[in-house]
2 protein chains.
Amino acid sequence: MSRPPTTPPTLEDVARVAGVSRATVSRVINGTRNVDRKIQEIVRAAIDKTGYAPNRAARSLVTKRSGTIALVVSGAGDPGEEDAFATRVFSDPFFGRVASGVLGFLRTRGVHPVLMVADTERAREDVLAFLRQGSADGALLVSTHAEDPLPARLVEAELPAVLFARPALPVPISYVDLDHRAGAKLAADHLVRRGCGRVAAITGPLDVPASQDRLTGFRDAVARHGIPYVPIAEGGFTAASGEVAMERLLAEHPGIDGVFAANDLMAQGALAVLHKHGRRVPDDVALIGFDDSSPALVCRPRLTTVRQPVEDMAAGMARLLLDHVEEPGLRPESVIFEPALVVRESA
Amino acid sequence: MSRPPTTPPTLEDVARVAGVSRATVSRVINGTRNVDRKIQEIVRAAIDKTGYAPNRAARSLVTKRSGTIALVVSGAGDPGEEDAFATRVFSDPFFGRVASGVLGFLRTRGVHPVLMVADTERAREDVLAFLRQGSADGALLVSTHAEDPLPARLVEAELPAVLFARPALPVPISYVDLDHRAGAKLAADHLVRRGCGRVAAITGPLDVPASQDRLTGFRDAVARHGIPYVPIAEGGFTAASGEVAMERLLAEHPGIDGVFAANDLMAQGALAVLHKHGRRVPDDVALIGFDDSSPALVCRPRLTTVRQPVEDMAAGMARLLLDHVEEPGLRPESVIFEPALVVRESA
DNA sequence: CGAGGCAGGGAGAGCGCTCTCCGCGCGTGG
DNA sequence: CCACGCGCGGAGAGCGCTCTCCCTGCCTCG
């Protein structure tokens, strides 16, 4: 009820009210060392009474920990439009799942994520500066393009960082990833088991390791079933690019009876094109996506897809980062997750 | 090139290298007061040489500004699933646009957003504590449900905050919003002009002001064209809820020839149901969405929709907040944006 | 019964910055 | 020629915490 009229209460104030020293109040709050039960209660009462909340800046200053980490999305912004890159990636349900997984884990540890976009050199500098000035204890990096220089820069600056997905350039840094090859194999086997004999693939950008792995995994699995050749069309992980790719595939290989798209958004685009050309899904052409993100459920027919445990992966990434923050010497580590096939109507 | 072996350089170090006092270096960095040109250059050289980056915690401690704000998404999490709420909202392209707009503005001011979810009482307390302990200078609140107690709590605690959308409960707080009624009128006029005479609406949750406004705006405009009655079905702003609503509408009013959905996601769901029932869009039933978010472009036919300038609104919200942070006494203010009709194929 | 150990509380030194106050030196007006 | 003003740099006091060190008092063991 007592409204603080001017400045918020400090440790000192609480200590005075409780009749103890600052150190004791600090010990009660942080749970360091033993404090007498009785006194603990008195202190807690004083905290409630004063409405005390520890000042984070002051704490950070001495502990050299900020209790926040940077959640960085990096990629190449189109030179023209300003926010286009940010809008695209934040609107991608895949990123939404990453963010959700990260938050879900961090909140259990009292750590907060600062959202940053690194789409220009200037922005990358900002991220680095942010970390160097101790505003964040480490970085979680979701990179969308292959030549991203940020991982190397982070390693060089000896800043704790963990990536979502293996970096395209070889950099000694921790990351979480999916067994993309296994996921692609799941899709291939399902398609073949269904009776598809003329399968094609819509890939992601082929300079990204995940795209490569999904493609080679698909090719290998399909080859093992005696299908030596797989037509492909490269997309950019967006619905629009999926449409373009499907159009091309259909034009060049009209006999296709199965399509593996490297993510759900592209599968969604492919589906629209398939409909437009009068191909029934899954009867004429079976279609499998990747990710199991929300569009998979909105499509008609709903998408059979390879599920990535994105939230778990994101949580794992956050956990890895906090480990590195706590123990700076830790060696880079990678954690690989297993995909699963979710069978719906499209294949 | 000189790698700092132990601790990062401080102001003191820079001052020593430059041969001046700490105060002078501080003045150069912050551009407060006049400093001799010559000395400025010497100081800057020293900063470069040492690789100095000002410690944010130390600065915050004395300025009482953190240079970060909280970007809060509040809503009611389903008691069962943990991250379900976070995943849903972060996967919503609408929120992606909000985040993008906020970031785009904040980066011009050197302020960073901390992402927070307030889906439980505990989480709300965390947000309040975060602000009270000075970790963030204010809050940007995107609320997804009507009974959100957070706005009132923020006002009560005298913490700077700005909402995206007018609060359902009357609270003296700043917000940005869209002229929803005008947007709905745009949709209504277009439908009628097309020749639709039996129009229906799929609304958002009717305890949310935006949903109410879109509905009444639509009803009023349509009434002005001599259509006295509009069947409605309430949805929850998700694609799945749009499907359910459309099913019901079709069952109860088979003669419908025009539908206004209160957002694109629900329109997308409605479209799938319309297809399923063999209704051609737009020939048999014209369909208009709201928002102009990415799903509008993925649908076939692509959605005619009411565009919200979400990024601009988000940027405006951020600007408003920084104003309030800089001038604590400022009175609540609201900024209303104008919608626009984007005509595509669905109507 | 005395010495040593240990549980538990207090004092005080910073963490790295900003900002007020002070002082120096120069220019100017009476 | 002196007093005053002004431009500009330095000294030093904190901001609100944590944490090391010390001190007190009680318990235990020889």
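Note that the coordinates shown come from a computational prediction; the quantities given were computed from them, not determined experimentally.

## Details of the overall build of chain A
Piece 1. Scanning chain A for helices and strands turns up 14 helices and 12 strands.
Piece 2. Here the C-alpha atoms of chain A give a radius of gyration of 25 Å, more than 25% beyond the 20 Å that 2.2 N^0.38 yields for 347 residues.
Piece 3. Considered along the principal axes of its C-alpha atoms, chain A spans approximately 85 × 35 × 35 Å.
Piece 4. Per-residue burial over chain A gives 53% buried out of 347 residues.
Piece 5. Put simply, 70% of the contacts in chain A that link residues at least 6 apart link residues at least 24 apart.

## Quick look at the interface of chain A and chain B
Piece 1. Taken together, the contact between chain A and chain B spans 46 residues of the former and 46 residues of the latter.
Piece 2. Of all the secondary structure elements, the ones that give two or more residues to the side of chain A that touches chain B are α4 (56-63), α5 (84-91), α6 (93-106), β2 (112-118), α7 (121-132) and α12 (264-276) of chain A.
Piece 3. If one sorts the elements of the side of chain A that touches chain B by residue count, α6(A) sits on top with 8 residues.

## Examining the relation of the copies chain A and chain B
Piece 1. Here chain A sits on chain B after a turn of 180° about the axis and a move of 0.0 Å along it, with an RMSD of 0.2 Å. A rotation of that kind, with that shift, is consistent with a two-fold axis.
Piece 2. A share of 100% of interface residues in chain A that are also interface residues in chain B marks the association as one of identical surfaces.

## Structural notes on the protein's contact with DNA strand D
Piece 1. Close to DNA strand D lie 27 residues, the nearest being Leu11(A), Ser26(A), Ser21(B), Asn34(B) and Asp36(B).
Piece 2. Classifying every residue of the surface near DNA strand D by side-chain character gives 13 nonpolar, 10 polar and 4 charged.

## Things to note about the protein's contact with DNA strand C
Piece 1. Near DNA strand C, the surroundings consist of 27 residues, among which Asn34(A), Asp36(A), Thr10(B), Leu11(B) and Ala58(B) are the closest.
Piece 2. Of the residues belonging to the surface near DNA strand C, the class tally is 13 nonpolar, 10 polar and 4 charged.

## Regarding the nonpolar core
In summary, soluble globular proteins display a tendency toward joint burial of nonpolar side chains.
Piece 1. Ala70(A), Ala139(A), Leu140(A), Ala70(B), Ala139(B) and Leu140(B) are the most contacted members of the largest nonpolar core, which totals 113 residues.
Piece 2. Dropping the residues within four chain positions of it, Ala139(B) is found in contact with Ile69(B), Ala70(B), Val72(B), Val127(B), Leu131(B), Leu154(B), Leu159(B) and Ala161(B).

## Remarks on the pairing of strand β8 (residues 258-261) of chain B
Residues and elements named next belong to chain B.
Piece 1. Burial of β8 is two-sided: the residues Gly 258 and Phe 260 facing one way and the residues Val 259 and Ala 261 facing the other way are all buried.
Piece 2. Bridging between β8 and strand β9 (residues 286-291) involves 3 bridges; their strand directions are parallel. Among the inter-strand pairings, Gly 258 is bridged to a residue of β9, identified as Ala 286.
Piece 3. With helix α12 (residues 264-276) bridging β8 and the parallel β9, this β-α-β connection has right-handed handedness.

## Some words on the confidence of the model for chain A
Piece 1. With 97% of its residues at a pLDDT of 70 or more, chain A has an overall mean of 91.
Piece 2. Predicted confidence for residues 1-5 of chain A stays below pLDDT 50, and this span has 2 contacts to residues more than four positions away or in other chains.

## Things to note about unusual backbone geometry
Piece 1. Of note, the amide linkage connecting Val281(A) to Pro282(A) takes the cis form, showing an omega dihedral of 10°.
Piece 2. Within the secondary structure, Pro282(A) sits in the loop between α12 and β9 (286-291).
Piece 3. For Asp291(A), which is not glycine, the phi torsion reads 120° and is therefore positive.
Piece 4. Residue position: Asp291(A) is located in strand β9.
Piece 5. Positioned with a positive phi, Phe237(B) is a non-glycine residue whose angle comes to about 70°.
Piece 6. The residue Phe237(B) is located in the loop between β7 (232-234) and α11 (239-252) in this model.
Piece 7. Taking the number of C-beta atoms within 10 Å as the measure of exposure, Phe237(B) has 24 and is therefore buried.

## Brief notes about the environment of Ser26(A)
Piece 1. In this fold, Ser26(A) is placed in helix α2 (residues 22-30).
Piece 2. With 236 residues separating them in the primary sequence, Ser26(A) and Ala262(A) have C-alpha atoms 53 Å apart.

Cut-offs applied
Residues numbered from 1 in each chain as written. Chains lettered and ligands numbered in written order. Predicted model: local features only at pLDDT ≥ 70, side-chain atom pairs only at ≥ 80, totals over all residues. Helix = DSSP H or I, 4+ residues; strand = E, 2+ residues; numbered from the N terminus. Rg over C-alpha atoms; globule rule 2.2 N^0.38 Å. Buried ≥ 20, exposed ≤ 12 C-beta atoms within 10 Å, placed from the backbone. Contact = placed C-beta atoms within 7 Å. Least-squares fit on C-alpha atoms with pLDDT ≥ 70 in both. Near = placed C-beta within 6 Å. Nonpolar A, V, L, I, M, F, W, Y, C, P; charged D, E, K, R; others polar. Core = buried A, V, L, I, M, F, W, Y, C linked by C-beta atoms within 7 Å. Pairing = 2+ DSSP bridges. Right-handed = clockwise from strand over helix to strand, strands pointing away. pLDDT = per-residue confidence, 0-100.

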